[in-house]
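# Observations on the model geometry
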Amino acid sequence: MPSFARGGFTPDRIFTPQGDYGRYQCATPCTSTTWDSRSLVARLLAAYDPDTGAITDPSALPRCPNCGRDVEINVRVGPEFVDTPYLPAGRRLQHWLGTAPVDTRLVVLELGAGFNTPGVIRWPGEQLTRHFPNARLVRVNPTHPETPADLDGRTLPVPVGAERLLDALALPHPTAEPTQAPSPG
C-alpha cells in the first residue's frame, strides 16, 4: 500500500505510474494482475537465517500464483512492468486535469524523479506547470534538482533526498507565543 494511502488518502485517488514496492508481479508477466507483497515478505522473513543469509525453506521463495514462474517487485524497471492496475487512476487524473480551469492553483510535488524514466514523472510535471499559470513545481532530488529556465519563479528546486526533507519537516518547530492585546488603561 503506498504511503499516501497509509496516510489516509483514498487508494483509488492515488496514481503511481512507476509502480508500487508493496506489490509484486509475474516476471514474465503471464497476467496483468499484481499482488500485495506483505504475505510474501512474511514467509521470506520466517524462512530467513540471519547467520547464513540463506532461506531455509525453499517453498518460501516467491512464485507467481498464476503460472508458478519467478516474480519481481511491481516497479517500472523494463518492458515487463505491469501498469494495468494504475491506468484507471491515471485516466481519472487526466480527466481532472483536462477539465480543471486554467487558473487552478496547483502544486506539483516531485520526490526523487531523475532521468531513468523522465517521461513518466519529471517531464509531465514540468508540462503541467507550464499549462497552469498558477501552478508551482517543487522538485526534491539530491542529484538532479534542476528546473527548466522557462519556469523560473514558479519552481523550487530542493537539493536533498526526500527522506532527509521529510525528517526535517517532522522535527518540532518552535511556535510563537500568541500576541496579547495591551490591557486597557
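Residues numbered from 1 in each chain as written. Predicted model: local features only at pLDDT ≥ 70, side-chain atom pairs only at ≥ 80, totals over all residues. Heavy atoms only, no water.

## Here we look at the sheet that holds strand β1 (residues 19-26)
Across the sheet, which stays open at both edges, the 3 strands sit in the order β2-β1-β5 with antiparallel pairing between neighbours. A strand with exactly one partner marks an edge of an open sheet, and here the two such strands are β2 (35-36) and β5 (71-75). Bridge count for β1 against β5 is 5 bridges, and the pairing is antiparallel. By the bridge assignment, Q25 is partnered in β5 with E72. (Pairing = 2+ DSSP bridges. Helix = DSSP H or I, 4+ residues; strand = E, 2+ residues; numbered from the N terminus.)

## Quick look at the sheet that holds strand β8 (residues 155-158)
The strand order across the open sheet built from 3 strands is β6-β7-β8, with neighbouring strands paired in parallel fashion. Among the strands making up the open sheet, the edge pair consists of β6 (106-111) and β8. When the angles between neighbouring strand axes are averaged without regard to direction, this sheet yields 10 degrees. Judged from the 4 bridges that link them, strand β7 (residues 135-140) and β8 form a sheet pairing that is parallel. The residue of β8 that forms the bridge with V140 is V158. Strands β6 and β7 of the sheet are contacted by helix α4 (residues 122-131), whose axis makes an angle of about 155 degrees with β7. (Axes fitted to C-alpha atoms, helices over the stretch in contact; angles between N-to-C directions. Contact = heavy atoms within 4.5 Å.)

## What to know about helix α3 (residues 87-99)
For an α-helix, the turn length of 3.6 residues means that residues three or four places apart are oriented alike. The end-to-end C-alpha distance of α3 is 18 Å, a good match for the 18 Å that 13 residues give at a rise of 1.5 Å each. Where α3 is buried, its residues contact α4. (Expected span 1.5 Å × (residues − 1).)

## A look at the environment of P142
Within the secondary structure, P142 sits in the loop between β7 and β8. Considered as a pair, P142 and P174 are 32 residues apart in the sequence and their alpha carbons are 27 Å apart. Here P142 is in contact with P159, V160 and G161, once residues within four sequence places are set aside.

## A closer look at a nonpolar patch on the surface
On the surface, F15, L93 and W96 cluster together to form a nonpolar patch covering roughly 270 Å² of accessible area. Following the sequence through the fold, F15 ends up in the loop between α1 (3-6) and β1. F15 gets classed as partly exposed once you look at its relative accessible area, which sits at 34%. (Patch = residues over 30% accessible without salt bridge, like charges linked within 9 Å, V, L, I, M, F, W, Y side chains within 5 Å. Areas by Shrake-Rupley, 256 points an atom, 1.4 Å probe, with all protein chains shown as cover. Salt bridge = Lys/Arg side-chain N within 4 Å of Asp/Glu carboxyl O. Buried < 20%, exposed > 50% of the residue type's maximum accessible area, 1.4 Å probe, protein only.)

## Looking at the packing of aromatic side chains
Under the definition given, this model contains 2 aromatic pairs. Arranged with centres 5.5 Å apart and planes meeting at 40 degrees, the rings of Y24 and W35 form a pair that is tilted. One end of the pair, Y24, is in strand β1; the other, W35, is in strand β2, and 11 residues separate them in sequence. Classification of W35 as buried rests on a relative accessible area of 18%. Ring geometry for F81 versus Y86: centroids 6.2 Å apart, planes at 5 degrees, classification stacked. (Phe/Tyr/Trp six-rings, centres within 6.5 Å; stacked < 30°, edge-to-face > 60°.)

## So, the side chain of E126
Topologically, E126 is positioned in helix α4. Polar contacts involving the side chain of E126 include one to the side chain of R139, which spans 2.9 Å. Among all residues touching E126, those that are not within four sequence positions of it are L137, R139, P148 and L151. (Polar contact = N/O pair within 3.5 Å; in protein donor to acceptor, adjacent residues only side chain to side chain.)

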